[in-house]
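Here is what each chain is made of, one letter per residue.
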Amino acid sequence: MDILIHQSPGELVYLYISARRLQNLGHSNIQDFRCRVYSKQDFIGETEVSRSTLDPDFKQPIPIMYRFNKRQKLVFQIIDADQELSSQLVSQNASASIVGICKQPLSKLMGARNSLSQLNLMKGDLVVGTIIIHVTRKGPQITNQKDQTNKVTEIKWRWGGIKLLDLDFFTKSDPFAKFYRIKDQQTEIIHKTEVIKNNLNPNWMCWETTENEIFKYSKNLYVEVMDYDKLGSEEIGHVTINYDDIKIHKKTEFPLLTPKGKNAGTLKLLELVIVEPKEEHVEIIQEEPKEPTFLDYLMGGWQMSLSIGIDFTFSNQPITKPDSLHKIDPHKLNYYQQAIKVIGGGIIAFDYDKQVPVYGFGGTPKLPTYTKSTMDDCFPLNGNKDKPQCNDVAGILQAYVEAVPNIVFSGPTFISNVLNKALQFGKENAQNNTYTVAMILTDGQIEDQDDAIKVLLECQTLPMSIIIIGVGDENFKYMKQFDDPMFLKKHSKTDMNIRDIIQFVSFQDYKNDIEQMSSAVLDQLPKQFMDYMHINHIQPIKMQSVHLSKAFK
């Protein structure tokens, strides 16, 4: 059995899904369920239908390309398959058949312990069950699943379109596909897909047939792609496909032609499963990585731990002034808050306990539980010297909002003590298969360069990275030197190997676009992580095997 999956930049992972305690919605018989997955408005994939159980364990996983530097927000829908009609439009808003919804970023699913998560399914404000999601690197492995007396060759496939011709004036086409077998000079329809509205790159649902059913009279398959319209659908394009091109030659893309013979886009075979009568296993057609990858480490048990240092020097301007960089607006996050939420959140996703030590520097703290009369270049933002950790992004942002009015902005800008705190955490984390990322948020040039360089050189031997983020309109010319490993090399008194572990970025370089800046920052972390592993000859921990039917019992 073969599975052909379109490859794109990133690393391929599989989502295995189960649900528990689903509601029967008053039916006399227990419904049949399936799960659909979306990313924003894009349809990612769906499971098979699980029949007559309120605790389904779906066997068909959802393949998805994971990108560490992108925020991939997923929506999981448990669907009542009994209410769905074959002609129903695929839409996230087809609420009649939706039993429950769960929203979760892919990074949080992967960063959970054993990459295994149990989350509530919601219908409005009501909890209507739970969903269990397990992310793995391996696709399905099926053994001895078919009755060997069955001589039928089954075909399970999923088709899509690429850059289809747009026949609509004000919106995009609403494409669906019709599949025909060919007998003599006649065609007989075998299957019609659902309509996907307003989309020139549709991914239609998987459907099943047999070789005998569809290629009974000829090895050719005729396909029409249509633009749906209530008053009469119009042909976008058509193509005749020889089955040998699919099964033997592994061809997956087929050009479509309009009725007038012009280019109408491409019909794409997105996924193919062929079950031969005597076949006993599943073969995944995908290139196996020759070397361990970043995900092998993270999904095998390595974690990423974040520490944060925040600049409270006078150049930030008091919060009473409209141009204050620390201005608190309940309707809009300032740059410090944006960096914590977006960049910090991407790292915290791979920390099991989500505990983040957060320090302020360059200000005079007047916190309820921590007060100084002079400038402090390293104080706990939550006011707890013995436990400076905040819980997850929400806890950090809450501590920040509560602390800002109780800090007198001062100076100078010293970061060496905050870096040294991160260094100590890095030493502790190194004993627990945890890679430490120190994030320093500052609005100006630092004034303890020599001391900071000494700490940064010490960080070289540890599983650590340092991200320095410039906030505001300051000229960060000196700070940018830290981004060059040769700068630290010049200050090293030994012939030590200098890793590229420091990044400096500023909001102004990305025109204050936090999403672009976050993508650029997080894009570098996997390489820095892997450099440490290669230099120290550290192999990934083997991921624990988990069966969803036995999870969270």
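Residues numbered from 1 in each chain as written. Predicted model: local features only at pLDDT ≥ 70, side-chain atom pairs only at ≥ 80, totals over all residues. Heavy atoms only, no water.

Colleague: Looking at this structure, I do not really get the confidence of the model for the protein chain. What am I missing?
Modeller: Where the model shows low pLDDT, its predicted coordinates should not be examined in detail. Looking at the protein chain, the pLDDT average stands at 87 and 88% of residues meet or exceed 70. Confidence drops under a pLDDT of 50 for residues 142-149, and excluding neighbours within four residues, the segment shows 12 contacts in the predicted structure. A low-confidence stretch, residues 279-288 stays under pLDDT 50, and its non-local contacts, those more than four residues away or across chains, total 28 contacts. (pLDDT = per-residue confidence, 0-100. Contact = heavy atoms within 4.5 Å.)

Colleague: Can you help me understand the sheet that holds strand E25 (residues 407-409) in this one?
Modeller: Sheet strands associate in pairs through backbone hydrogen bonding, adopting either a parallel or an antiparallel arrangement. With antiparallel pairing, 3 strands are arranged side by side in an open sheet as E22-E21-E25. For this open sheet the edge positions go to strand E22 (370-371) and E25, each flanked by a neighbour on one side alone. In this structure, strand E21 (residues 363-367) lies alongside E25, joined through 3 bridges in antiparallel fashion. Of the residues in E25, the one forming a bridge with Pro365 is Ile407. (Pairing = 2+ DSSP bridges. Helix = DSSP H or I, 4+ residues; strand = E, 2+ residues; numbered from the N terminus.)

Colleague: Sorry, what's going on with the packing of helix H5 (residues 335-348) against helix H6 (residues 392-403) here?
Modeller: Relative orientation and spacing of two packed helices are given, respectively, by the angle between their axes and the distance between those axes. Direction vectors running N to C along H5 and H6 enclose 155°, while the axes themselves pass 9 Å from each other. Judged by the inter-axis angle, H5 sits roughly antiparallel to H6. As for how H5 packs across H6, the hand of that crossing is right-handed. Listed contacts from H6 to Tyr336, Gln337, Ile340, Lys341, Gly345 and Ile348 of H5 are Asp392, Val393, Ile396, Leu397, Tyr400 and Val401. Looking at the contact of H5 with H6 residue by residue, the classes come out as 8 nonpolar, 2 polar and 2 charged. (Axes fitted to C-alpha atoms, helices over the stretch in contact; angles between N-to-C directions. Parallel < 35°, antiparallel > 145°, perpendicular 65-115°, else oblique. Left-handed = near helix turned anticlockwise from the far one by under 90°. Nonpolar A, V, L, I, M, F, W, Y, C, P; charged D, E, K, R; others polar.)

Colleague: Honestly, the nonpolar core in this entry has me stumped. Any pointers?
Modeller: Across soluble globular proteins, nonpolar side chains show a tendency to be buried alongside one another. Phe76 and Ile469 are the most contacted members of the largest nonpolar core, which totals 83 residues. With 9 residues, helix H11 (residues 514-535) is the single largest residue contributor to this core. Counting residues in hydrophobic clusters, the runner-up holds 32 residues, among them Val418, Ala452, Cys459 and Ile466. (Core = buried A, V, L, I, M, F, W, Y, C linked by side-chain atoms within 4.5 Å. Buried < 20%, exposed > 50% of the residue type's maximum accessible area, 1.4 Å probe, protein only.)

Colleague: Hey, could you run me through H5 in this one?
Modeller: Given 3.6 residues per turn, any residue in an α-helix points the same way as the ones three and four places further on. Relative to the 20 Å expected for 14 residues at 1.5 Å per residue, H5 spans 18 Å between its end C-alpha atoms, a close match to the ideal helical length. Among the 14 residues of H5, 12 are classified as buried, and the element is accordingly described as predominantly covered. Among the structural elements, strand E19 (303-311), strand E20 (355-361), H6, strand E26 (434-442), strand E27 (464-470) and H11 are those in contact with the buried residues of H5. The distance from a side-chain oxygen at the start of H5 to the backbone nitrogen of Tyr336 is 3.0 Å, and the residue carrying that oxygen is Asn334. (Expected span 1.5 Å × (residues − 1). Polar contact = N/O pair within 3.5 Å; in protein donor to acceptor, adjacent residues only side chain to side chain.)

Colleague: How should empty space enclosed by the protein be read in this particular structure?
Modeller: Sizing a probe to match a water molecule and rolling it over the atoms shows the empty space that remains. Across all of its chains, the model carries 2 cavities of 30 Å³ or more by this definition. Size it by volume and the largest cavity reaches roughly 50 Å³. Lining the largest cavity are Gly45, Glu46, Gln60, Pro61, Ile62, Pro63, Arg158, Cys206 and Glu271. Per-class residue counts for the lining of the largest cavity are 4 nonpolar, 2 polar and 3 charged. (1 Å grid on protein atoms, 1.4 Å probe; cavity = no way out; pocket = protein on both sides within 12 Å on 5 of 7 lines; lining within 4 Å. Points joined across faces, edges and corners; volume = space filled by probe spheres on them.)

Colleague: Sorry if this is basic, but what is going on with the pairing of strand E28 (residues 502-506) here?
Modeller: Each regular strand displays side chains that alternate between the two surfaces of the sheet. Across the 5 residues that make up E28, a large majority, 5, are buried. Burial of E28 is two-sided: the residues Ile502, Phe504 and Ser506 facing one way and the residues Gln503 and Val505 facing the other way are all buried. Across 5 bridges, the pairing between E27 and E28 is parallel. Note that in E28 the partner of Gly470 across the bridge is Ser506.

Colleague: I'm lost on the pairing of strand E12 (residues 186-192) in this one. Help?
Modeller: Alignment of strand E11 (residues 175-183) against E12, held across 6 bridges, turns out to be antiparallel. Across the sheet, residue Tyr180 finds its bridge partner in E12, namely Ile189. Where E11 folds back onto E12 in an antiparallel hairpin, the turn is made up of 2 residues, including Asp184, whose phi is positive at roughly 55°.

Colleague: Would you mind going over the pattern of salt bridges with me for this structure?
Modeller: Pairing is possible between side chains of opposite charge, provided their charged atoms come close. By the definition in use, this model includes 16 salt bridges. In this structure, Arg137 and Glu11 form a salt bridge, with 3.3 Å as the shortest nitrogen-oxygen distance. Of this pair, Arg137 sits in the loop between strand E9 (126-136) and strand E10 (154-162) while Glu11 sits in strand E2 (residues 11-20), and the two are 126 residues apart along the sequence. Taking the shortest distance from any N to any O, the salt bridge between Glu46 and Arg34 comes out at 3.7 Å. Separated by 12 residues along the polypeptide, Glu46 in strand E4 (residues 42-46) and Arg34 in strand E3 (residues 33-39) bring together distant segments of the chain. One exposure class covers both Glu46 and Arg34, and it is buried. (Salt bridge = Lys/Arg side-chain N within 4 Å of Asp/Glu carboxyl O.)

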